[in-house]
Amino acid sequence: MSFFIVNFIQHGNMELHIYVYSYISIFKDSIEFEPMTATPKVKIYHNPECGTSRNTLALICNANIEPEVIEYLVNPPSKPELIQLIADAGLTVREAIRKNVAPYSELELERDDWTDEQLLDFMLQYPILINRPFVVTDLGTRLSRPSEIVLDILPLPQKGAFTKEDGEQVLDANGQRLK
């Protein structure tokens with residue numbers, strides 16, 4: 001059981017510090033202190049209809065991380081956010097476009113005369129053109145295709161075996177990569 005006792009003294013910071021230290025020194029042998037660890041911040045731009053995105057999210061959860069999930073088809077990133085995601089992942093705008101969707105062929109986006117600015121505008125107008133899943137952690141940003149690329153930037157180790165939806169085993173029982 002964890003609990004905290006907090007008393008505030010109106011006589012200044014030094015007396016408050018001494019008072020709290022006294023409480024800790026009195027109880028330090030009878031209370032087990034658990035080290036506090038910050039919850040790692042992980043954000044995934046997710047499409048629940050995409051198997052790669054679902055596998056990536058499952059790998060994040062396999063590390064006991066509860067990420068911020070942004071369903072980018074419902075809540076697309078702003079233009080500055082999209083530019084930042086692409087830059088932080090080390091990609092070009094063209095590398096961040098999903099090519100096997102209808103708007104890509106209908107708009108003839110394979111043409112070389114489209115500028116990055118125009119392509120970004122299309123990606124914001126048709127979020128399905130944004131390749132996924134982008135994952136952001138304190139260790140970096142990646143377009144996680146294939147899904148196991150996310151392992152390079154997760155701040156916590158995997159907790160066990162993992163097999164993708166298609167049956168490909170990625171991690172052994174100890175959470176270690178097989179490839």
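Everything discussed here concerns the structure shown above.
Residues numbered from 1 in each chain as written. Predicted model: local features only at pLDDT ≥ 70, side-chain atom pairs only at ≥ 80, totals over all residues. Heavy atoms only, no water.

**Focus: the overall build of the chain**
Here's step 1: Scanning the chain for helices and strands turns up five helices and six strands.
Here's step 2: When the helices and strands of the chain are read in sequence order from the N terminus, they spell out α-β-α-β-α-α-α-β-β-β-β.
Here's step 3: Counting all 179 residues of the chain, 35% fall into the buried class.
Here's step 4: When contacts within the chain are restricted to residue pairs at least 6 apart in sequence, long-range pairs at least 24 apart make up 56% of them.
Here's step 5: If you sum the accessible surface of the chain, you get close to 11500 Å²; carbon and sulfur atoms cover 53% of it. (Helix = DSSP H or I, 4+ residues; strand = E, 2+ residues; numbered from the N terminus. Buried < 20%, exposed > 50% of the residue type's maximum accessible area, 1.4 Å probe, protein only. Contact = heavy atoms within 4.5 Å. Areas by Shrake-Rupley, 256 points an atom, 1.4 Å probe, with all protein chains shown as cover.)

**Some points on the packing of aromatic side chains**
Here's step 1: In this structure the tally under the stated criterion is one aromatic pair.
Here's step 2: Ring plane angle 90° and centroid distance 5.0 Å describe the contact between Trp114 and Phe122, whose orientation is recorded as edge-to-face. For the pair Trp114 and Phe122, one class covers both residues: buried. (Phe/Tyr/Trp six-rings, centres within 6.5 Å; stacked < 30°, edge-to-face > 60°.)

**Regarding the pattern of salt bridges**
Note on pairing: side chains with opposite charge can pair once their charged atoms come close.
Here's step 1: Counted under the stated rule, the structure contains eight salt bridges.
Here's step 2: Here Glu165 and Arg54 are joined by a salt bridge, their closest N and O atoms 2.6 Å apart. With Glu165 in the loop between strand 5 (162-163) and strand 6 (169-171) and Arg54 in helix 2 (residues 51-62), the pair connects residues that are 111 residues apart, well separated along the chain.
Here's step 3: Note that Lys164 is salt-bridged to Glu148, the shortest N-O span being 2.8 Å. With Lys164 in the loop between strand 5 and strand 6 and Glu148 in the loop between strand 4 (140-143) and strand 5, this residue pair connects regions lying 16 residues apart in the sequence. By the burial criterion, Lys164 is buried, and Glu148 matches it.
Here's step 4: Via salt bridges that share partners, Lys79, Glu117 and Asp121 belong to a single interconnected network. (Salt bridge = Lys/Arg side-chain N within 4 Å of Asp/Glu carboxyl O.)

**What to know about the pairing of strand 1 (residues 43-46)**
Here's step 1: Relative to strand 2 (residues 68-71), strand 1 runs parallel, the two being bridged by four bridges. What sits directly across from Lys43, in strand 2, is Glu68.
Here's step 2: Read from strand 1 through helix 2 to strand 2, the crossover connection turns out right-handed.
Here's step 3: Bridge analysis of strand 1 against strand 3 (residues 134-137) gives three bridges, and the strand direction is antiparallel. Counted as the bridge partner of Ile44 is Val135 from strand 3. (Pairing = 2+ DSSP bridges. Right-handed = clockwise from strand over helix to strand, strands pointing away.)

**A few points about unusual backbone geometry**
Here's step 1: In the segment running from Arg132 into Pro133, the intervening peptide bond is cis, with an omega of 0°.
Here's step 2: Relative to the assigned elements, Pro133 resides in the loop between helix 5 (116-125) and strand 3.
Here's step 3: The linkage connecting Arg145 with the following residue, Pro146, adopts the cis geometry, with an omega of 0°.
Here's step 4: When you line up the elements, Pro146 lands in the loop between strand 4 and strand 5.
Here's step 5: Not every positive phi belongs to a glycine, and Asn64 is a case in point at roughly 60°.
Here's step 6: Summarising the element assignment, Asn64 is placed in the loop between helix 2 and strand 2.
Here's step 7: Residue classification places Asn64 among the exposed positions, given a relative accessible area of 60%.

**Concerning empty space enclosed by the protein**
Here's step 1: Scanning all chains against the criterion turns up one cavity of 30 Å³ or more.
Here's step 2: Taken as a whole, the largest cavity spans an internal volume of roughly 30 Å³.
Here's step 3: As for the largest cavity, its lining consists of Tyr45, Tyr72, Pro77, Leu85, Ile130, Asn131, Arg132 and Phe134.
Here's step 4: Among the residues forming the lining of the largest cavity, the class breakdown is six nonpolar, one polar and one charged. (1 Å grid on protein atoms, 1.4 Å probe; cavity = no way out; pocket = protein on both sides within 12 Å on 5 of 7 lines; lining within 4 Å. Points joined across faces, edges and corners; volume = space filled by probe spheres on them. Nonpolar A, V, L, I, M, F, W, Y, C, P; charged D, E, K, R; others polar.)

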